[in-house]
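Structural description and commentary
In case you want the letters, here they are:
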Amino acid sequence: MKSLRSTLGESLLSPKVSVEKKEKNLELVEAATQRIHEPTTNTTKRITIDVPMDIYPALKNHVFKEGLTLKDYLLRLVQSDLGL
């Protein structure tokens, strides 16, 4: 069986790069997992929206600068628009 390197040739492949493995803080991972899966006190309904790619980077940049999650930002917009 031929290798990819022998099939494509040396000039088409990038050199091998070693990847550094990082230790994960298992306590933080476990805490985040529990937060994600803990039941909410309010009844919620999951929705999905398609965001045009031309505005998505600006949206992500804005919520990052505000220190919000996308969920929190969109909920604030909806609540403000509905006067809640």
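Reference entry: report on the structure contained in this document. Since the model is a prediction, treat every value here as computed from it, not as a measurement.

1. Some points on the overall build of the chain
What the chain contains, in helices and strands, is 4 helices and 0 strands. Traced from its N-terminal end to its C-terminal end, the chain shows the element sequence α-α-α-α. Over its C-alpha trace the chain gives a radius of gyration of 22 Å, far above what one expects of a compact globule, namely 12 Å for 84 residues. Reported as C-alpha extents along the three principal axes, the dimensions of the chain are approximately 65 × 40 × 25 Å. Counting the 84 residues in the chain, one finds 4% classified as buried. Only carbon and sulfur atoms are counted for the fraction: they give 57% of the accessible area of the chain, which is about 8900 Å². Charge-centre separation for the chain: the mean point of 13 positive side chains lies 6 Å from the mean point of 11 negative side chains.

2. Things to note about helix α2 (residues 26-37)
Its 12 residues place the ends of α2 16 Å apart at the C-alpha level, agreeing with the 16 Å of an ideal helix rising 1.5 Å per residue. Burial within α2 is sparse, with just 0 of its 12 residues counted as buried. Regarding α2, its N-cap is Asn25, as a side-chain oxygen of that residue lies 3.0 Å from the backbone nitrogen of Glu27 further along.

3. Let's talk about a nonpolar patch on the surface
Taken together, the side chains of Leu4, Leu8 and Leu12 present a nonpolar region at the surface, about 310 Å² in accessible area. Here Leu4 lies in helix α1 (residues 4-8). A relative accessible area of 55% means that Leu4 is categorised as exposed.

4. Some remarks on the environment of Glu23
Mapped onto the elements, Glu23 comes out in the loop between α1 and α2. By relative accessible area, Glu23 is classed as exposed at 78%.

5. Digging into the environment of Asp50
Looking at the element boundaries, Asp50 is found in the loop between α2 and α3 (56-66). A sequence separation of 35 residues divides Asp50 from Pro15, and the C-alpha atoms of the two residues are 38 Å apart.

Reading the values: the criteria
- Residues numbered from 1 in each chain as written.
- Predicted model: local features only at pLDDT ≥ 70, side-chain atom pairs only at ≥ 80, totals over all residues.
- Heavy atoms only, no water.
- Helix = DSSP H or I, 4+ residues; strand = E, 2+ residues; numbered from the N terminus.
- Rg over C-alpha atoms; globule rule 2.2 N^0.38 Å.
- Buried < 20%, exposed > 50% of the residue type's maximum accessible area, 1.4 Å probe, protein only.
- Areas by Shrake-Rupley, 256 points an atom, 1.4 Å probe, with all protein chains shown as cover.
- Lys, Arg positive; Asp, Glu negative; His and termini not counted.
- Charge placed at Lys NZ, Arg CZ, Asp CG, Glu CD.
- Expected span 1.5 Å × (residues − 1).
- Polar contact = N/O pair within 3.5 Å; in protein donor to acceptor, adjacent residues only side chain to side chain.
- Patch = residues over 30% accessible without salt bridge, like charges linked within 9 Å, V, L, I, M, F, W, Y side chains within 5 Å.
- Salt bridge = Lys/Arg side-chain N within 4 Å of Asp/Glu carboxyl O.

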